[in-house]
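What the coordinates show
The residues making up each chain are set out below.
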Amino acid sequence: MRLKKAKALLICLSILLTLFFSNDFGLIDVEKTSIITAIAIDKEQDEYILTAQVAVPEATDTNTENQKAQLSSKGKTIGEALKEMGDVSGWFPKLAFCNLIILGNNLANENVVNLLDYFAKTLRLQDSALVALSEKSAKELLSLSTPLDNISSFAIQKILLKATQFDNDVAPTDIKTFVSGYYSKNQSGYMPLVKVISADNGSGSEGQKSDNSSSSGGGSGASSGGDQKSQGANTESNNLFDARTTALFFKGKKVGELSPEETVTFNALSKNISGTSIAVNNVPLNDKECNYLLNIISDSHSVKVKATDSGIDLNFCLSIFCKVSDVFSTGTEDSLSSNTKLPKPLVEKTKQLLTNSIISLVNKSISTNCDFFNIKEKLYRYNYSKYSQYKDNFLSKLNIKINVNVSGQK
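The structure contained in this document is the topic of the report that follows. Position numbers for residues count from 1 along each chain, tracking the sequence in the order it is written. Whole-chain, interface and lining totals are the exception, using all residues; otherwise, since this is a predicted model, local features are given only for residues with pLDDT of at least 70 and side-chain atom pairs are given and counted only at 80 or more. Where side-chain values are given, they derive from all heavy atoms of the structure, hydrogens and water being excluded.

Focus on the pairing of strand β7 (residues 188–198)
Just so we agree on the cut-off: The cut-offs for exposure are 20% and 50% of the maximum accessible area for each residue type, with area from a 1.4 Å probe on protein chains only; residues under the lower value are buried, those over the upper are exposed, and the others partly exposed. Only runs of H or I of at least four residues qualify as helices and only runs of E of at least two qualify as strands under DSSP, and these elements are numbered from the N terminus. Two strands pair if DSSP finds at least two bridges between them.
In terms of residue burial, β7 counts as a mostly covered element, since nine of its 11 residues are buried. Direction of pairing for strand β6 (residues 130–134) relative to β7: parallel, over a ladder of two bridges. If you follow S134 over to β7, its bridge partner there is V194. Strand direction decides the pairing type here: β7 and strand β9 (residues 239–250), joined by 10 bridges, are antiparallel. Each residue of the ladder has a partner; that of Y190, found in β9, is L248.

In structure tokens:
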């Protein structure tokens, strides 16, 4: 009996050692491996330009700034461009730590799934890597930095994946979710649209930066953003990123956008948004108009689809429990304590605001054919007897029912 246990133990140990020594540990060499944290994809004529942001050592005693390096390459396909990157640099591009894929604005009019398919099917990249669309060139976006983050990919990830209790005003998506949506019944998807704004006034969509300040490594394989000095470096870091606008895709092509207000409402109908703030302005109260900022403490939501002979009933239910976070009005005496009750005009105005936003979302889904509510998928799964009747014109057969409830301190 003891001999059998010993043999079983030796067999298990042999299997573990085989698995341990058969992986790619031989490639993990600091002097030969480039750890890619983000990839930017652009297109120039019939070639794809791949720009990778590479992690480099942190600050030292002689250098007080974190350096950023970029590798650039071209190819007819994504795989060819990635191979070229390793060939011309001598560094093996490792994608296991790549958490962000940025698409350039000139790719929005073609089927972006043809590009993302490579990353979705390869085992070298994790499925949870975020995907976003740049308002400008993806390479240019990746070469920028902010006053707080010298590495742009880290700054963008912070606004895409905010911590709990932050405003849930961005609709992030990963490669697996986006590609799965393309191959599903509705063939729809969405991703954040990243814009560059000025750090001085927080407005504008153009971060001022000259073309020669972008880092590239087409010939030498790599270049460092730490080479930017004085005026050029100051201009490069005078930027912030805004991803509250959402780009809509149908059959892989961009067909429209959701405004920041619509993005918040869409999030409220699809996930928990507690901690998010909503601005409700021009509320009539005591012969004056007040501007409120509401903080959502808790919420519940549902989007239900039911097919009948007369059409498809689309029922939205949204209930939020919130408190007044801020209020402004000339001569107001309102208190900001946690026990402040929500005035009835404020409740009605908030209901109207959310209801109008839901209607706007439905209209945008109809006008763009982007089924971001997964109506067709729900029709197929839960109303299959009516699927063949409505599958080709389901968006034109919708009967909208909206129930919004806003509550606060009693």
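Section: the packing of aromatic side chains
This is how it is decided: Within 6.5 Å between ring centres, the rings of Phe, Tyr and Trp (the latter by its six-membered ring) count as paired, and their orientation is classed by plane angle as stacked under 30 degrees, edge-to-face over 60, tilted in between.
Evaluated as defined, the whole model comprises 11 aromatic pairs. With centroids separated by 4.9 Å and ring planes inclined at 80°, the aromatic side chains of Y182 and Y183 adopt a geometry described as edge-to-face. Its relative accessible area of 52% is what places Y183 among the exposed residues. Between Y190 and F266, the aromatic rings sit 5.2 Å apart at their centres with planes inclined by 80°, giving edge-to-face as the arrangement. Of this pair, Y190 sits in strand β7 while F266 sits in helix α8 (residues 260–268), and the two are 76 residues apart along the sequence.

Let's talk about the environment of Y387
Applicable threshold: For this analysis, residues touch if any pair of their heavy atoms sits within 4.5 Å.
Tracing the sequence through the fold places Y387 in helix α11 (residues 387–390). With 80 residues separating them along the chain, Y387 and A307 place their C-alpha atoms 8.4 Å apart. Ignoring anything within four residues of it in the chain, the contact list for Y387 reads K185, K376, L379 and Y380.

Thoughts on the layout of surface pockets
How we decide: A cavity, in this analysis, means grid points on a 1 Å lattice covering only the protein atoms where a 1.4 Å probe fits yet has no way out; a pocket is instead an open set bounded by protein on both sides within 12 Å along at least five of seven lines, and a residue lines either one if it has an atom within 4 Å of a point. Grid points are joined across faces, edges and corners, and a volume is the space filled by probe spheres set on the points. Each residue is assigned to one of three groups, with Ala, Val, Leu, Ile, Met, Phe, Trp, Tyr, Cys and Pro labelled nonpolar, Asp, Glu, Lys and Arg labelled charged, and all others, Gly among them, labelled polar.
A volume near 490 Å³ is recorded for the largest pocket. When contributions to the lining of the largest pocket are tallied by element, the ones reaching two or more residues are α6 (175–183), β7 and α10 (375–382). Tallied by class, residues from the lining of the largest pocket come to eight nonpolar, 10 polar and four charged.

With respect to the pattern of salt bridges
What counts is decided by this rule: The salt bridge criterion pairs a side-chain nitrogen of Lys or Arg with a carboxyl oxygen of Asp or Glu, the two atoms within 4 Å.
Taken as a whole and assessed by the stated rule, the structure comprises 11 salt bridges. A salt bridge links E110 to K43, with the nearest nitrogen and oxygen atoms 3.2 Å apart. Taken together, the positions of E110 in the loop between β5 (100–103) and α3 (113–121) and K43 in strand β1 (residues 33–44) put the pair 67 residues apart, joining distant regions of the chain. Given the relative accessible area of 18%, E110 is considered buried. Exposure remark for K43: the relative accessible area of 27% places this residue in the partly exposed category.

Concerning the environment of F97
By the element assignment, F97 lies in the loop between β4 (92–94) and β5. In this structure F97 touches I35, I36, T37 and Q126, once residues within four positions along its chain are discounted.

Details of the side chain of K386
Position of K386 among the secondary structure elements: in the loop between α10 and α11. A relative accessible area of 19% means that K386 is categorised as buried.

Re helix α5 (residues 152–160)
In terms of burial, α5 is a largely internal element, seven of the nine residues being buried. Residues S152, S153, A155, I156, Q157, I159 and L160 constitute the buried set of α5.

A word on empty space enclosed by the protein
Counting across every chain of the model gives two cavities of 30 Å³ or more. Volume-wise, the largest cavity comes out at about 40 Å³. Contributing to the lining of the largest cavity are V264, T265, A268, I273, I278, I296, L318, I320 and L354. For the lining of the largest cavity, the secondary-structure elements that each account for two or more residues are α8 and β13 (311–328).

Points about a nonpolar patch on the surface
Here is the rule: Residues qualify for a patch when their relative accessible area is over 30% and they have no salt bridge, like charges being joined within 9 Å and the nonpolar side chains of Val, Leu, Ile, Met, Phe, Trp and Tyr within 5 Å. Computed with a 1.4 Å probe, the accessible areas rest on the Shrake-Rupley method; for each residue, only the protein chains presented here act as cover.
Residues L10, L13 and L17 make up a contiguous nonpolar surface patch of about 290 Å² in total accessible area. Among the secondary structure elements, L10 is positioned in helix α1 (residues 2–21). Overall, L10 belongs to the exposed group, its relative accessible area being 56%.

Observations concerning the pairing of strand β10 (residues 253–258)
Here five bridges tie β9 to β10, and the two strands are oriented antiparallel to one another. Bridging across to β10, F249 finds its partner in K254. Hairpin geometry of β9 and β10 is characterised by an intervening segment of two residues between the two adjacent antiparallel strands and by a positive phi of about 55° at K251.

Things to note about the packing of helix α2 (residues 78–89) against α3
Note the following rule: Each axis is a line fitted through C-alpha atoms, taken for helices only over the stretch in contact, and angles between the N-to-C directions span 0 to 180 degrees. These descriptions rest on fixed angle ranges, namely under 35 degrees for roughly parallel, over 145 for roughly antiparallel, 65 to 115 for roughly perpendicular, and the rest for oblique.
Contact geometry of α2 with α3 gives a least axis separation of 9 Å together with a crossing angle of 60°. Relative to α3, the element α2 is oriented oblique. Contact residues: I78, G79 and L82 in α2; L115, Y118 and F119 in α3. Looking at the contact of α2 with α3, its residues break down into five nonpolar, one polar and no charged.

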